[in-house]
Amino acid sequence: MRQGSTLIASVHTALDDSQLVRFEHDLVHQIGEHRSRGVIIDVAALDVIDSFAALTLRRIAEMARLRGALTVVVGIQPEVAFTMVRLGMGTGNVPTALDLEEGLGLLAAQTPPEPHQAPRAGSERRDAPR
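Residues numbered from 1 in each chain as written. Predicted model: local features only at pLDDT ≥ 70, side-chain atom pairs only at ≥ 80, totals over all residues. Heavy atoms only, no water.

Visitor: Where do I start with the pairing of strand β2 (residues 6-10) in this structure?
Guide: Here is the key point about a regular strand: its side chains alternate between the two faces of the sheet. With 4 of its 5 residues buried, β2 lies for the most part within the structure. When strand β1 (residues 2-3) meets β2, the two strands line up antiparallel, connected through 2 bridges. Bridge assignment links arginine 2 to a residue of β2, and that residue is leucine 7. Remark: 2 residues form the turn of the hairpin made by β1 and β2, two consecutive strands paired antiparallel; glycine 4 in that turn has positive phi of roughly 65°. (Buried < 20%, exposed > 50% of the residue type's maximum accessible area, 1.4 Å probe, protein only. Helix = DSSP H or I, 4+ residues; strand = E, 2+ residues; numbered from the N terminus. Pairing = 2+ DSSP bridges.)

Spelled out as structure tokens, the structure:
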């Protein structure tokens, strides 16, 4: 789903490793296709984030950054956060937010405004004073 220049990806169910790799590939492809400047990955439906999933989230964020988009992970459940910390896992330097609304706010604060397009040749107003 898109909201402006932000791509929002929700993970609705636990994904096995091959599904995570496919999710990663598809999401990185869509960043370029939609010229996204921000990516939000909503993991609120997950009750487990294993080490491979955490690594995949970090890789997605790095690939998105290389493609010009910032990534925020939202919706990590309290029990999941507790377990991740106890196991020494994390999201690295990928920012996180409580929910989608806070994630959008975080991206808005960190993303520079979109550049305005220059007028096309011949699209100038003829009646404008010179």
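Visitor: Help me understand the side chain of glutamate 24, please; the structure alone is not making it clear to me.
Guide: The topology assignment puts glutamate 24 in helix α1 (residues 17-33). Side chain to side chain, glutamate 24 and arginine 59 meet in a polar contact 2.8 Å long. (Polar contact = N/O pair within 3.5 Å; in protein donor to acceptor, adjacent residues only side chain to side chain.)

Visitor: Just checking my understanding: could you explain helix α2 (residues 51-66) for this structure?
Guide: Since there are 3.6 residues in each turn of an α-helix, residues three or four apart along the chain are aligned in direction. In this model, α2 (16 residues) spans 23 Å end to end at C-alpha, consistent with the 22 Å of a helix rising 1.5 Å per residue. Within the span of α2, buried status applies to Ala53, Ala54, Thr56, Leu57, Ile60, Ala61 and Ala64. Viewed end-on, α2 has its buried residues packed into an arc of 160°, placing them on one side of the element. Along α2, the residues that are exposed and aim more than 90 degrees away from the buried face are Ser51 and Leu66. The elements touched by buried residues of α2 are α1, β3 (38-42), β4 (70-74) and α3 (78-86). (Expected span 1.5 Å × (residues − 1). Arc of directions from axis to C-beta. Contact = heavy atoms within 4.5 Å.)

Visitor: Could you clarify how one ought to interpret the nonpolar core in this entry?
Guide: One broad rule of soluble globular proteins: the nonpolar side chains tend to lie buried together. Core analysis: the biggest nonpolar cluster contains 24 residues, and Phe23, Leu27, Val39, Ile41, Val43 and Ile49 have the highest contact counts within it. Mapped by element, the contributors of at least two residues to this core are β2, α1, β3, α2 and α3. If you tally residues by element for this core, the top one is α2, at 6 residues. Ignoring sequence-local partners within four residues, the contact set of isoleucine 41 consists of Ala9, Val11, Phe23, Leu27, Leu57, Ile60, Thr71, Val72, Val73 and Val74. Within the second largest apolar cluster, 6 residues are counted, among which are Ile40, Val72, Ala97 and Leu107. (Core = buried A, V, L, I, M, F, W, Y, C linked by side-chain atoms within 4.5 Å.)

Visitor: Even after reading the chapter, I still don't get the environment of glutamate 24, so can you show me in this structure?
Guide: For glutamate 24, a relative accessible area of 8% corresponds to the buried category. With 37 residues separating them in the primary sequence, glutamate 24 and alanine 61 have C-alpha atoms 9.6 Å apart. Those residues in contact with glutamate 24 that lie beyond four places of it in its chain are Thr56, Arg59, Ile60 and Met63.

Visitor: Sorry, what's going on with the pairing of β4 here?
Guide: In terms of residue burial, β4 counts as a mostly covered element, since 4 of its 5 residues are buried. As judged from the 5 bridges shared by β3 and β4, these two strands associate in the parallel manner. Bridge assignment links isoleucine 40 to a residue of β4, and that residue is valine 72. For the segment spanning β3, α2 and β4, crossover handedness is right-handed. Sheet analysis places β4 next to strand β5 (residues 96-97), joined by 2 bridges and oriented parallel. Its bridge partner lying in β5, valine 74 is registered against alanine 97. Where the polypeptide runs from β4 across α3 and back to β5, its parallel neighbour, the crossover connection is right-handed. (Right-handed = clockwise from strand over helix to strand, strands pointing away.)

These figures come from the coordinates and say nothing about function on their own.
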